[in-house]
Amino acid sequence: MKKIITLLLVCFAFAAQSQDTLKILQYNLLNYGNYTTYCTTDNNNHETKDPWIRTIIDYELPDIFTVNELSSYEFYHTRILNNVLNTNGRTFYRKANIANIAASYLVNMLFYNSNKLELKSYEVVQSTTRDIDLFTLYYKSPALTQGDTIFIHCLVAHLKAGNTGADATTRAAMTANMVSYLQSNKEPGNNLFMGDLNTYTSEELCYQHVTDITAADFRFFDPIAKPGDWNN
């Protein structure tokens, strides 16, 4: 699997009052189930990857597991659910659905721990190059029967790769579209922006769009606060 810097940006409106915790894991699966001239059945076989991913899941047991570079075919989504997540006695993981409005051969996906969470809704917030998917989950609080819960909004992106000016412009357009959609259609809340953002420096417009103060209630914060030049 590809070694790559993955960014997680958070925009939390409030801290959960519950004593429970949620573990969140994001991974780029590098053409899982999608075969090319450079990712072949010999050097990138999905059956070989399964036990590697399962080792990570066994160790981390994430409550939310989001991925990039997954084949657009549903077969592979279900395979990860059944052959990786719901193994070794686990039966509680569920998966979301994918619209793939951009018609990409690679898509994102969200899996979640159904003992703690339920998927409320799914939508695409932008579809330039690849979809940025918005998954809204709610926490299965003990007070849920009284209508009290916490919503978590997971925005999963795989921004355009490449270090050319055109690539950076596409990344900037994707994040600008996302922030504009949130500002026009959503209320502030507990938002996570995660994925393979392919961003070389915090000076890039794609990074600035989501972390700039002008985004107001949809300004995201880097939880490790490490802006800079990350390439190489």
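Above this text is the structure in question.
Criteria and thresholds
Residues numbered from 1 in each chain as written. Predicted model: local features only at pLDDT ≥ 70, side-chain atom pairs only at ≥ 80, totals over all residues. Heavy atoms only, no water. Helix = DSSP H or I, 4+ residues; strand = E, 2+ residues; numbered from the N terminus. Rg over C-alpha atoms; globule rule 2.2 N^0.38 Å. Buried < 20%, exposed > 50% of the residue type's maximum accessible area, 1.4 Å probe, protein only. Contact = heavy atoms within 4.5 Å. Lys, Arg positive; Asp, Glu negative; His and termini not counted. Charge placed at Lys NZ, Arg CZ, Asp CG, Glu CD. Pairing = 2+ DSSP bridges. Axes fitted to C-alpha atoms, helices over the stretch in contact; angles between N-to-C directions. Polar contact = N/O pair within 3.5 Å; in protein donor to acceptor, adjacent residues only side chain to side chain. Phe/Tyr/Trp six-rings, centres within 6.5 Å; stacked < 30°, edge-to-face > 60°. Expected span 1.5 Å × (residues − 1). Parallel < 35°, antiparallel > 145°, perpendicular 65-115°, else oblique. Left-handed = near helix turned anticlockwise from the far one by under 90°. Nonpolar A, V, L, I, M, F, W, Y, C, P; charged D, E, K, R; others polar.

Colleague: Which residues make up the overall build of the chain, and what values go with them?
Modeller: The helix and strand inventory of the chain stands at 4 helices and 9 strands. Going from the N terminus to the C terminus, the chain shows its helices and strands as β-β-α-β-α-β-β-β-β-β-α-β-α. A globule of 232 residues ought to have a C-alpha radius of gyration of about 17 Å, and the chain, at 17 Å, matches this closely. With respect to the principal axes defined by its C-alpha atoms, the chain has extents near 55 × 50 × 30 Å. Going through the 232 residues of the chain one by one, you find that 48% of them count as buried. A sequence separation of at least 24 residues applies to 68% of the contacts in the chain between residues at least 6 apart. Taking the average place of the 18 positive charges on the side chains of the chain and the average place of its 23 negative ones, the gap between the two points comes to 4 Å.

Colleague: Quick one: what's the story with the sheet that holds strand β2 (residues 24-32), residue by residue and with numbers?
Modeller: Spatially, 4 strands are ordered β2-β3-β5-β4 in an open sheet, and the strand pairing comes out mixed. At either margin of the open sheet sits one strand with a lone partner, and together these are β2 and β4 (93-95). For this sheet, the mean inter-axis angle between neighbouring strands, taken without regard to orientation, is 25 degrees. As judged from the 6 bridges shared by β2 and strand β3 (residues 64-71), these two strands associate in the parallel manner.

Colleague: Just give me the short version of unusual backbone geometry, but keep the residues and values in it.
Modeller: In this structure, L61 is a non-glycine residue whose phi angle is positive, near 45 degrees. If you trace the backbone, L61 turns up in the loop between α1 (46-60) and β3. The backbone of T129 shows a phi angle near 65 degrees, a positive value even though the residue is not glycine. Inspection of the secondary structure assignment puts T129 in the loop between β6 (117-126) and β7 (132-139). We classify T129 as partly exposed; its relative accessible area is 37%.

Colleague: Quick rundown of the side chain of D167? Include the residues and the values.
Modeller: Here D167 shows up in helix α3 (residues 165-185). Of note is the side chain of D167, whose polar atom sits 2.8 Å from the side chain of K160. Beyond its immediate sequence surroundings of up to four residues, D167 is in contact with K160, A161 and G162.

Colleague: Go over the packing of aromatic side chains, please, and point to the residues and values.
Modeller: Under the criterion given, the structure shown has 8 aromatic pairs. Here F92 and Y93 contribute two aromatic rings whose centre-to-centre distance is 4.7 Å and whose plane-to-plane angle is 40 degrees, an arrangement assigned as tilted. Ring geometry for Y138 against F151: centres 6.2 Å apart, planes inclined by 70 degrees, an arrangement best described as edge-to-face. With Y138 in strand β7 and F151 in strand β8 (residues 151-158), this residue pair connects regions lying 13 residues apart in the sequence. Among the aromatic residues, those joined into a ring-pair cluster are Y32, F75 and Y76.

Colleague: Pulling in residues and values, what's your account of the pairing of strand β5 (residues 106-113)?
Modeller: The buried fraction of β5 is high, at 8 of 8 residues. Taking every second residue as pointing to the same face, both faces of β5 are buried, with L106, N108, L110 and Y112 on one and V107, M109, F111 and N113 on the other. Judged from the 6 bridges that link them, β3 and β5 form a sheet pairing that is antiparallel. Note that in β5 the partner of F65 across the bridge is F111. Sheet topology places β4 next to β5; 3 bridges connect them, and they run antiparallel. The residue bridging Y93 from the neighbouring strand is N113, located in β5.

Colleague: Outline α3, supporting the account with residue identities and numerical values.
Modeller: Compared with an ideal rise of 1.5 Å per residue, which puts 21 residues at 30 Å, α3 spans 30 Å between its outermost C-alpha atoms and is within 8% of the ideal. Against the buried residues of α3 lie β6, β7, β8, β9 (191-196) and α4 (205-211).

Colleague: Any chance you could break down the packing of α1 against helix α2 (residues 74-85) for me, citing the residues and the numbers?
Modeller: Contact geometry of α1 with α2 gives a least axis separation of 9 Å together with a crossing angle of 50 degrees. Looking at the two axes, α1 sits oblique to α2. The way α1 lies across α2 gives a crossing that is right-handed. Here α1 contributes H46, E47, D50, I53, R54 and I57 to the contact with α2, which in turn contributes Y76, R79, N83, V84 and L85. Looking at the contact of α1 with α2 residue by residue, the class counts come to 5 nonpolar, 2 polar and 4 charged.

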